[in-house]
Amino acid sequence: MSDVLTRLSELLEQRKAADPASSYVAKLYAKGMDSILKKIGEEATETVIAAKGGNHDEIIYETADLWFHTLVMLSHAGLSAQDVLNELARREGLSGIEEKASRTS
Ligand SMILES: N=c1c2ncn([C@@H]3O[C@H](COP(=O)(O)OP(=O)(O)OP(=O)(O)O)[C@@H](O)[C@H]3O)c2ncn1[C@@H]1O[C@H](COP(=O)(O)O)[C@@H](O)[C@H]1O
């Protein structure tokens, strides 16, 4: 895993014991999964709008927001970026059709 993802994943775990008044992530955890999912929906929409606009800085900024909130969702669900990277690694070398056939659910 990249150093950035490793450090951020560790920080997201630590924030589970943090005060929501002093941490954005702790506040999101306290609000619960529905609020986290709402943020993901908003950030996904903002990413689509940025990509349509074609400004590289905006695309990067909005995609970072989307990735970040997705990482918060994974952490709240007891998962991590590494779990998703493991799945992407599993798919390496498979064609799209083979990948679809390999799915269990
Ligand atoms: N990478 C991020 C990150 N990206 C985006 N954001 C926050 O995500 C929010 C984006 O939502 P919006 O653009 O809608 O802005 P907003 O109006 O403030 O959001 P809402 O109040 O409506 O939820 C902003 O508050 C950003 O500050 C982030 N907040 C935290 N991190 C990382 O998480 C770490 C822990 O953060 P704290 O828990 O706050 O210490 C930080 O050190 C960073 O590494």
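Up top is the structure.
Not measured: the values here are computed from a predicted model.

Each value, and the rule that gives it
Every chain's residues receive numbers from 1 upward, in the order its sequence appears when written. Per-residue local features are limited, in this predicted model, to residues with pLDDT of at least 70; the limit for side-chain atom pairs, both in listing and counting, is 80 or more; totals at the level of whole chains, interfaces and linings are taken over all residues. Derived side-chain values reflect all non-hydrogen atoms in the structure, with water molecules and hydrogen atoms excluded from consideration. What makes a residue near a molecule or strand is one non-hydrogen atom of that residue sitting within 4 Å of it. Two N or O atoms count as a polar contact when they lie within 3.5 Å, although within protein this holds only if one can serve as hydrogen donor and the other as acceptor, and sequence-adjacent residues are included solely when both atoms are side-chain atoms. Accessible areas in this description were obtained via Shrake-Rupley with a 1.4 Å probe; residue shielding takes into account the shown protein chains only. By the criteria applied, helices consist of DSSP H or I runs no shorter than four residues and strands consist of E runs no shorter than two, each listed in order from the N terminus. Asp, Glu, Lys and Arg are counted as charged, while Ala, Val, Leu, Ile, Met, Phe, Trp, Tyr, Cys and Pro are counted as nonpolar; the rest, among them Gly, fall into the polar class. Like charges are joined within 9 Å and nonpolar side chains (Val, Leu, Ile, Met, Phe, Trp, Tyr) within 5 Å, but only among residues with over 30% relative accessible area and no salt bridge; these make up the patches. Salt bridge, as used here: a side-chain nitrogen of Lys or Arg that lies within 4 Å of a carboxyl oxygen of Asp or Glu. When a residue's accessible area, from a 1.4 Å probe over protein chains only, is under 20% of the maximum for its type it is buried; when over 50% it is exposed; and in between it is partly exposed.

(A) Representation of the site of the ligand in the model. The full set of residues close to the ligand is Leu8, Leu11, Arg15, Ser23, Tyr24, Val25, Lys39, Glu43, Asp65, Phe68 and His69. Between Arg15 and the ligand, the recorded distance is 2.8 Å, taken from a side-chain N or O atom to an oxygen atom. Separating an oxygen atom of the ligand from a side-chain N or O atom of Lys39 is a distance of 2.7 Å. Out of a free accessible area of 830 Å², the ligand has 52% covered by protein chains. Taken together, the elements giving at least two residues each to the shell around the ligand come down to helix 1 (3-14), helix 2 (24-31), helix 3 (33-53) and helix 4 (56-76). Broken down by element, the shell around the ligand gets its largest block of residues, three residues, from helix 4. Partitioned by chemical class, the residues of the shell around the ligand number five nonpolar, two polar and four charged.

(B) How the structure looks around a nonpolar patch on the surface. A surface patch of nonpolar side chains, amounting to about 220 Å² of accessible area, comprises Val84, Leu85 and Leu88. For Val84, the location among the structural elements is in helix 5 (residues 81-91).

(C) Up close: the pattern of salt bridges. Applying the stated criterion across every chain yields a total of nine salt bridges. For Glu42, the salt bridge goes to Lys38, with nearest N and O atoms at 3.3 Å. Placement of both Glu42 and Lys38 in helix 3 is noted, with a separation of four residues, approximately one turn of the helix. By relative accessible area, which is 31% here, Glu42 ends up partly exposed. Among the residues examined, Lys38 registers a relative accessible area of 57% and is labelled exposed.

Keep in mind these values describe shape, not function.
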